[in-house]
Amino acid sequence: QVQLVESGGGSVQSGGSLRLSCATSGSTLDRYGIGWFRQAPGKEREGVSCINVRDDTKRYVEAMKGRFTVSSDKAQNIVYLQMNNLKPEDTAVYYCAAGDCSYYPLLSGGVGMDHWGQGTLVTVSS
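Here we look at the overall build of the protein chain
- When helices and strands are counted, the protein chain shows two helices and 11 strands.
- Relative to the 2.2 N^0.38 estimate, which gives 14 Å for 126 residues, the radius of gyration of the protein chain is 13 Å and therefore close to what a compact globule would have.
- Out of the 126 residues in the protein chain, the part that is buried amounts to 44%.
- Restricting the contact set of the protein chain to residue pairs at least 6 apart, pairs at least 24 apart contribute 61%.

What follows is the structure, given as structure tokens:
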């Protein structure tokens with residue numbers, strides 16, 4: 001019953017910005033934390049950030065702090081990932097996932113997350 005739909009991906013030049021959206025179904029934000037993950041071509045999936053909307057607890061992988069910011073619009077059941085000063089290394093498919101927002105799933109690349117969206121592609125050119 002939990003549904004997650006990512007949007008907002010596209011192609012940008014180095015230094016540009018994008019805001020990704022994760023639209024969630026029903027009471028998902030009351031029941032789960034929402035994590036953002038990404039997978040570049042030929043690489044393992046890695047964590048980006050996670051938000052527990054109920055108490056506004058936010059976590060980030062250290063390398064993502066400063067350029068990426070997670071936020072939510074609870075009334076619209078949407079979680080956002082604002083990405084600034086994008087670099088070619090940020091090129092990847094970005095996923096949102098519902099589950100536990102503890103550091104283990106975040107640092108493991110999403111192990112134990114319960115539900116996943118289909119992803120949205122971000123391409124950063126130089």
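As for the nonpolar core
- Of all hydrophobic cores here, the largest spans 32 residues; its most connected members are Ile 34, Trp 36, Phe 68, Val 79, Leu 81, Met 83 and Tyr 94.
- Mapped onto this core, the elements with two or more residues apiece are β3 (18-24), β4 (33-39), β5 (46-52), β7 (68-73), β8 (78-83), β9 (92-99) and β11 (120-125).
- Per element, the largest residue contribution to this core is four residues, and it comes from β9.

Examining the sheet that holds β7
- Read across the sheet, four strands follow the order β1-β3-β8-β7 without closing on themselves; strand pairing throughout is antiparallel. On the outer flanks of this sheet lie β1 (4-7) and β7, each paired with one strand and no other. This sheet shows a mean twist of 20° between the axes of neighbouring strands, independent of strand direction.
- Across six bridges, β7 lies against β8 in antiparallel orientation. Across the sheet, Ser 72 pairs through a bridge with Val 79, a residue of β8.

A short note on the state of the cysteines
- With the rule as written, the count across this model stands at two disulfides.
- Two residues, Cys 22 and Cys 96, share a disulfide whose sulfurs are 2.1 Å apart. With the S-S bond torsion at 70°, the cross-link from Cys 22 to Cys 96 turns out right-handed. Residue Cys 22 is located in strand β3, and its partner Cys 96 is located in strand β9; the two are separated by 74 residues in the primary sequence. Taken as a pair, Cys 22 and Cys 96 share a single burial class, namely buried.
- Each sulfur of the disulfide joining Cys 50 and Cys 101 lies 1.8 Å from the other. Classification of the bridge connecting Cys 50 and Cys 101 rests on its S-S torsion, roughly -85°, and on that basis the disulfide is left-handed. Within this pair, whereas Cys 50 is found in strand β5, its partner Cys 101 is found in the loop between β9 and α2 (103-108), the two being separated by 51 residues in sequence.
- Look at Cys 50 and you get buried, because its relative accessible area is 2%.

Some remarks on the pattern of salt bridges
- Taken as a whole and assessed by the stated rule, the structure comprises five salt bridges.
- With a closest N to O distance of 2.9 Å, Arg 38 and Asp 90 form a salt bridge. Taken together, the residues Arg 38 in strand β4 and Asp 90 in the loop between β8 and β9 connect sequence positions 52 residues apart.
- Taking the relative accessible area as the measure of exposure, Arg 38 reaches 8% and is therefore buried.

Here is what the cut-offs are and how they apply
- Residues numbered from 1 in each chain as written.
- Predicted model: local features only at pLDDT ≥ 70, side-chain atom pairs only at ≥ 80, totals over all residues.
- Heavy atoms only, no water.
- Helix = DSSP H or I, 4+ residues; strand = E, 2+ residues; numbered from the N terminus.
- Rg over C-alpha atoms; globule rule 2.2 N^0.38 Å.
- Buried < 20%, exposed > 50% of the residue type's maximum accessible area, 1.4 Å probe, protein only.
- Contact = heavy atoms within 4.5 Å.
- Core = buried A, V, L, I, M, F, W, Y, C linked by side-chain atoms within 4.5 Å.
- Pairing = 2+ DSSP bridges.
- Axes fitted to C-alpha atoms, helices over the stretch in contact; angles between N-to-C directions.
- Disulfide = S-S within 2.5 Å.
- Salt bridge = Lys/Arg side-chain N within 4 Å of Asp/Glu carboxyl O.

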